Amino acid sequence: MWTQTLFQYRLALAIGASAAGVAVSWMTATPIGLVAPVAAIFLFARGGAVAVLFSVLAIALAGLVIATSFNLGGFRDLTLTWAGFFVVALCIGAIVAVSATPGADDHQTAIRPTAQKVAPSYPVTGPTPEEKAAPRQSPIVSINAQDDEITAELMLAASFWGGSPFHLRYWRNEPNGNCRWTEVRTEAFHEQNGIRQWASVSADLHGQRSEVPLPAKTASSPPVDDDAVIAAKFVEQLLGNAWAFDRSGRPTYLTPFAQAFVSVTLDEFQAAADEGLSFFRRTSHPDEYDHIDAAWRHSLRTGDPFYIERRIRRASGIFDWNRTAIVPTRDGHGRVTGWYGASMDLDAYRVAELALRERERELSQLVDMVPSHLWRLTPDGEPVFYSKRMVEYLGQDVADADERCIGRLEALIEAIHPDDAAKFRSVLDRCLLTGKAFSMQYRLRRADGIYRWMSSRAEPMRDQDGRIVHWYGLCHDIDDQMQAEAAIRQRERSLRQLVETLPALIYCATPGGEPIYRSQTLQDFLGLGLEETDETDETGRPRLAGTLDAIIHPDDLLTVKERYGQSLSTGEPYALRHRLRRFDGEYRWVETRAAAMRDPDGVIAQWNGVCLEIEDQVRAEEELRQVHDRLARASQAASLAELSASIAHEVNQPLAAIVANSHACHRWLSAEPANVERAKITAERIIRDANSAADVVSRIRALFKRSTESRSATSYSDIIAEARQVMADEFVRHSIHLDIEVANDLPLVKLDRVQIQQVLINLIRNGIEATDSNSGEKVLRIRVLRDEDVIRTEICDRGRGIACPERIFEPFYTTKDRGMGMGLAICRSIVESHGGRLWAQSNEPIGTTFSFTLPIEAKAV
Amino acid sequence: MTANEHIVFIVDDDARLREALIELLASHGMNAAAFGSAGEYVRADKPNMPACLILDVELPDINGLDLQRQIVEGDHPPIVFVTGHGDIPSSVRAIKHGAVDFLTKPFNDAELMAAIHAALDQDRERRAELAELNELRQRYLRLTPREREVLALVVSGLLNKQAAAELGISEVTLQIHRRNTMQKMEAASLADLVRMAERLEIPITHSRRAGGERT
C-alpha cells in the first residue's frame, strides 16, 4: 500500500522538478534547467529505456564535442554550452540510474518477508490421505484474491528456482462463481541432472479451515545472542523452518511455521522439556519414538550430529515423513554450546519412493512369476541377471560363476548342450557385434542334468545415443512342444515313407483336380515334380489341363478328361485304364484309381489317387488275345481243311465204289463169254452207290445253302424211322440199345427232310459216342412228343456229360479228339432256321439230354 | 497166273468199297479177302502164298500207316495204299516204309491192277529168294565144323597154303576139306561158293595179304 503512495509521490515530485527546470532554462536561456526533466525521465526509465537515454545523450555529446573541436558553423560558445549540459545530464542520469538499482533489490528481498508473512496467515497443515488422492490442478489457476495471486507467484518462483517444496492454501474460484479453500503441495523430484519434475497435489479443504486453530504463536523471548538461535535463524531464512536448542536439548527457538506445523508452541515444548520429556515426544510417531529418543540422547551425549528420517505428527494428527537434521554449535574450545536444526518434509518423496518400491516389487514379482526365464546381459554379453525361475532351472545364479572362477557367460554356455553350444556362441557373438536381436533354439541343461529345448530371444536396450546399455533376454521352455513336433514329424515321415515306398504311383489333388502332391515314385516315373508344372504353363492353360496334356497319351486324353471331370463334379470314385507318359517319352499302360477324401461335413477336401502300372498285364492280355485269335483262325482253317477232307471222304467213298464196280461190270461183260449175272449185280451196286453219293452232295449243299425251298409237309415219324435205319449199323457195332418212344398224334410238319435228318443223325451219333465212352449200361433214349404247338425231340445219353451246355453250340467247339466242332453249331442253326430251339442239359446222375423243338406251323424264315 | 497162286487182302472200313473191290478183282480172276478194320486183318489166318495188301489209310481202329509200321518188321505182303484224300507227307512216309504204291480214291482199274501185279511179283520174288536162302542154309548146316572153318578162310581169298598154316593142317588135308565143302554146298566154282557165303553172311575174317595175319 505504501508502495503505491510512494510511487504517486515520486511522480508528482518529478513532474514538479521538470516543470521548474524547464522554466529556469526558458528564463535563463541556458540548457542547464533541462537537467531536471532528464533526471525525472531517468528516474522512471527502466531497462532498455535507460540504455537508449544514455546512448542518445552520449551521441549528442559526441556530436557537440566534434562540432566544438572543428568550430563548425561558428557557434563555438553555443555548442560548448550544450556539451556542458549533456555532460551534466549524463552524470545526473548515471547517478539516478545507480540509485534506482537498489529499488530492484527491494523487490527481491520482498519475497522472503512475503513468504514469511503468508505462512502464518495461511497455516500449512498438510493434506489428509484423502486430500492427497484429490485431482491435481495447476496451483496458480483461478486464485481468488489479487494479492494472494502475487504472493503465490512469488512463492512458486522461489520454489521453482530453489527447488524447495511449495505449499500453499488459497481461495480457488469455481466456475460457478463460488470460492473454495484449497491446498496445493508441489514437490520437486530430484534427478541426476537437476530438477526434472514437479509433482503437485491440490486438495479441497473446504470445511476444514475453521477447525484449524490460529497459531500466531511466537517465540517467547528468544536469547538473541545464542549461537544456536542465530544459526537457526539462518536456517529459517533458507528453509522457512528451524529450531534451536540449548546444550541440554531444551528448545530455545522455534519458528512460527514449525510451531504451526505441529500445533505445539515453543512454550509447550519448553514446558515438556522441563518435565524431562524429549523434544520429539510430542511430535514423533509412537512406534518410532524410542528409537528416535535413543538417537537424540546419544547425540546430546556425544555431540554427534543428529540425522534421522521420521514421521511427524502434524497439527491435523496426520503423520508425515520428514527428515530431521540437528547439528551442534560449538565454542572456541570445541564444546557444544547448543543445537540447531530443521525438518524437511519428505512425505511426497517418501510416498513416491514407496510407490516406486511397490512398482519395483511388482515388477520383480512379475519377472519371477512369468513362466519363462528372463535374463539380462551387459553389452559385452556378460550375464548380470537371471530371473528366479532361471536360477532354479539352471541350479546356479549369475554370481555362482564368479566363485568357480570362470566367466559368467562361460558358465551359461556350459549348461547348453554341447551340440548347440558352438552355434549359441557364434550367434550371440554376432548379435553382440551387430546389435541385432538374438533368437535361437537350443537345449539347456536343467539342474538335474536333463537337457530341454529352449527358445531364446534377446533384444538390446539402447540409450539416447543409440549405445547398447543392456541386453534383455527371454528364454522359453519349448521341450514338450519340440517333443510333440518331433513325434509329429516322425509320424509324418513314416507316413510319407509308407506312401513313397509303396510300389504304386500316388498323387493328391485339390477338390478342383489340381495336383498338389506326387509321390517320389510318380515323380520318378513322370520325370517331373509339381514345381515344374506351375499354376499356368507358358501357354496360359491351367495346370491341370497342362499336366494332363503332358502326361496322358493323346488317344486317351479325351476319355481321361471326360471321366476325371465327371468324377470331380459328382464326387464319384474314378477308375480308368490309360497310357501315361514316362520320363523317357514312352507311354505305359496304367490303371488310375482315385477317390475323394471328405471332411466331417462331407465336403470334398482332397482327391487321393493311385496309379498302378499295368503295362505288363495289358501287354500279356494283348498277347494272349492275339494268340487266341491266331489259334481260333488256325483251328478254323484246320477245321475247314478237315471239313473239306470229310466231305471229300464222304463223296469219294461212294465214287470209289462206283468206279470199282464199273470196271468190274465192264470186265464181266467183256469176258468170253460175258458174265451178265455178275454184271447186273455190279450195275445195281453202281446205281445204289451213285444215289448215295448224290445224297451226300445234296446234304452238303443243303447244309451250306440253308435253303427253305425244299421244305414240305412231312411226317416227322418217318424221318425218325429213317434216321434210326441209317444209324442201325452203328448201334449194333457199339452194342447200344436204342430206346425210342414216339408219340402217335404227331401232325405233319413243314421241314427240310435232309436237314432235320442231319440234325437227328448228328445228335444220335453224338449220343452213341458219349454212351460208348461209358462202361455202364449202354442205352440211348429218344423221345418225341407233342408239347402244345411244338414237337419236342429228346435224345438222352448216359455218357460222361458235358461241362458247359451252352458252349458246345459254339462253332469249332469240340470235346472230341477228332471232331471239328461244327456239328452242333450247324444243328442249332438248322433248328433255329425252322423256328425251333435246340438246347442241352445235364442228366442226373450222368449223361446229357439234347432237346430240340420244331413248331407245328413252321414259320417261313 | 492162276487163282490159286496168290491172294489179295483188302482192308477198308467202307463196306461198299470192299464189295466193289472184291467184284473187280474177281472180274480179273483174282482171289481177294476183305476186312473192315486193321484188327480183323491182323487176327485173320492168312494162307502161305504170294499176296498183296490193299490198305485204306483211314481206318476205324488204327491208321493204315500205323498198321504198316507195325507189320513192316515181320513177314508181310507188299502194301498198296488207297486213300480218300492223300497228302504228301503220308504218301512219302508210306513209300519210305516199303509201300508199292499210294493211290487216291477214286482210282482207275489199270492203275490198281498194275500196282497189284507189281506187288504180287515183288512178293513172289521175295518168296523165291527166301526159299533159295533156306536151301543154302540147309547145305551149310550139313558142313562139319572144320569144313565151315575152311569155307570161311577160302572165301576170304587165302591160298591153300596160307589157310592150311592158319588151321595148322597140311595143305593136302586142306584141299580134301575144300573139295568136300564145295560138294556139300553144291558150288560149281569158287566164285559160286563165295556168292553163297555172301548170302549166308559168312564174315570174311582173313586177308591174303599181310602173310595171313589176322587183321
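A. Expanded view of the interface of chain B and chain A. Residue-level contacts link 23 residues of chain B with 22 residues of chain A. Both sides together, the interface formed by chain B and chain A hides about 2,000 Å², and carbon and sulfur atoms give 56% of it. At the boundary of chain B and chain A, one finds four salt bridges. Across the salt bridge formed by E19 of chain B and R688 of chain A, the nearest N and O atoms sit 3.3 Å from each other. On the surface where chain B and chain A come into contact, there are 12 residue pairs in polar contact (both at pLDDT 80 or more). Sorting elements by how many residues they give to the side of chain B that touches chain A places helix α1 (residues 15-27) of chain B first, with nine residues.

B. Looking closely at helix α7 (residues 160-167) of chain B. Residue and element names in this part refer to chain B. When we look at burial in α7, the residues that qualify are N160, Q162, A163, A164 and L167. Looking at the buried side of α7, the elements it contacts are α6 (145-155) and α8 (171-184). Where α7 terminates, the next one or two residues include G168, which has phi positive at roughly 75°.

C. Structural detail: the environment of E794 of chain A. Residue and element names in this part refer to chain A. Here E794 is to be found in strand β23 (residues 790-796). The exposure class assigned to E794 is buried, which follows from its relative accessible area of 15%. For E794, the residues in contact, after removing those within four places along its chain, are R781, I782, R783, T849, F850 and S851. Polar contacts involving the side chain of E794 include one to the side chain of R792, which spans 3.0 Å.

D. Region of interest: the sheet that holds strand β4 (residues 79-83) of chain B. All names here are of chain B. Overall, parallel pairing links the five strands, which are arranged β2-β1-β3-β4-β5 in an open sheet. What marks the edges here is a single partner per strand, and that holds for β2 (32-35) and β5 (101-104). Strand-to-strand twist in this sheet, taken as the mean axis angle between neighbours without regard to direction, amounts to 20°. Sheet contacts for α1: β1 (7-11), β2 and β3 (51-56); angle to β2, the most-contacted strand, approximately 175°. On top of the sheet, helix α3 (residues 64-71) reaches β3 and β4; it is set at about 165° to β4, its chief contact.

E. Unusual backbone geometry, seen in detail. Cis geometry marks the peptide bond from E672 of chain A to P673 of chain A, where omega comes out at -5°. In this fold, P673 of chain A is placed in the loop between α21 (615-670) and α22 (676-705). For the bond running from K105 of chain B to P106 of chain B, omega is -10°, close enough to zero to count as cis. The residue P106 of chain B is located in the loop between β5 and α5 (109-142) in this model. Of note in the backbone geometry, E788 of chain A takes a positive phi value of approximately 55° without being a glycine. Note that E788 of chain A resides in the loop between β22 (779-787) and β23. According to the relative accessible area criterion, E788 of chain A is exposed, its value standing at 68%.

F. Representation of the nonpolar core in the model. Residues and elements named next belong to chain A. Within the largest apolar cluster, 37 residues are counted, with the highest numbers of intra-cluster contacts made by Y716, L760 and F852. Elements with a minimum of two residues in this core: α23 (716-733), β21 (748-751), α24 (753-772), β22, β23, α25 (823-833), β24 (837-842) and β25 (848-855). Considering every element that reaches this core, the biggest residue donor is α24, with seven residues. In this view, L760 contacts Y716, I719, I720, A723, T793, I795 and F852; residues no more than four positions away in its chain are not counted.

G. Main features of the sheet that holds strand β14 (residues 505-509) of chain A. Residue and element names in this part refer to chain A. Across the sheet, which stays open at both edges, the five strands sit in the order β15-β14-β18-β17-β16 with antiparallel pairing between neighbours. Looking at which strands have only one partner, the edges of the open sheet turn out to be β15 (515-518) and β16 (574-581). Pairwise comparison of adjacent strand axes, ignoring direction, gives a mean angle of 25° for this sheet. Sheet topology note: the strand β17 (residues 587-598)/strand β18 (residues 604-613) ladder contains nine bridges and is antiparallel. Within β18, the position partnered with A596 by the bridge is W607. Sitting on the sheet, helix α20 (residues 554-570) is in contact with β14, β16, β17 and β18, with an inclination near 150° to β16.

H. Broad picture of the pattern of salt bridges. All names here are of chain B. Scanning the entire structure with this criterion turns up 53 salt bridges over all chains. Here R127 makes a salt bridge to D123, at a shortest N to O gap of 3.3 Å. With R127 and D123 both in helix α5 and four residues apart, the pair spans about one turn of that helix. For R127, a relative accessible area of 24% gives the class partly exposed. Its salt-bridge partner being E132, residue R199 comes within 2.6 Å of it at the nearest N-O pair. Highlighted residues: R199 in helix α9 (residues 190-199) and E132 in helix α5, separated in sequence by 67 residues. Residue classification places R199 among the partly exposed positions, given a relative accessible area of 32%. Judged by its relative accessible area of 43%, E132 falls in the partly exposed class.

Conventions and cut-offs
Residues numbered from 1 in each chain as written. Chains lettered and ligands numbered in written order. Predicted model: local features only at pLDDT ≥ 70, side-chain atom pairs only at ≥ 80, totals over all residues. Heavy atoms only, no water. Contact = heavy atoms within 4.5 Å. Buried area = accessible area lost by both parts, 1.4 Å probe. Salt bridge = Lys/Arg side-chain N within 4 Å of Asp/Glu carboxyl O. Polar contact = N/O pair within 3.5 Å; in protein donor to acceptor, adjacent residues only side chain to side chain. Helix = DSSP H or I, 4+ residues; strand = E, 2+ residues; numbered from the N terminus. Buried < 20%, exposed > 50% of the residue type's maximum accessible area, 1.4 Å probe, protein only. Pairing = 2+ DSSP bridges. Axes fitted to C-alpha atoms, helices over the stretch in contact; angles between N-to-C directions. Core = buried A, V, L, I, M, F, W, Y, C linked by side-chain atoms within 4.5 Å.

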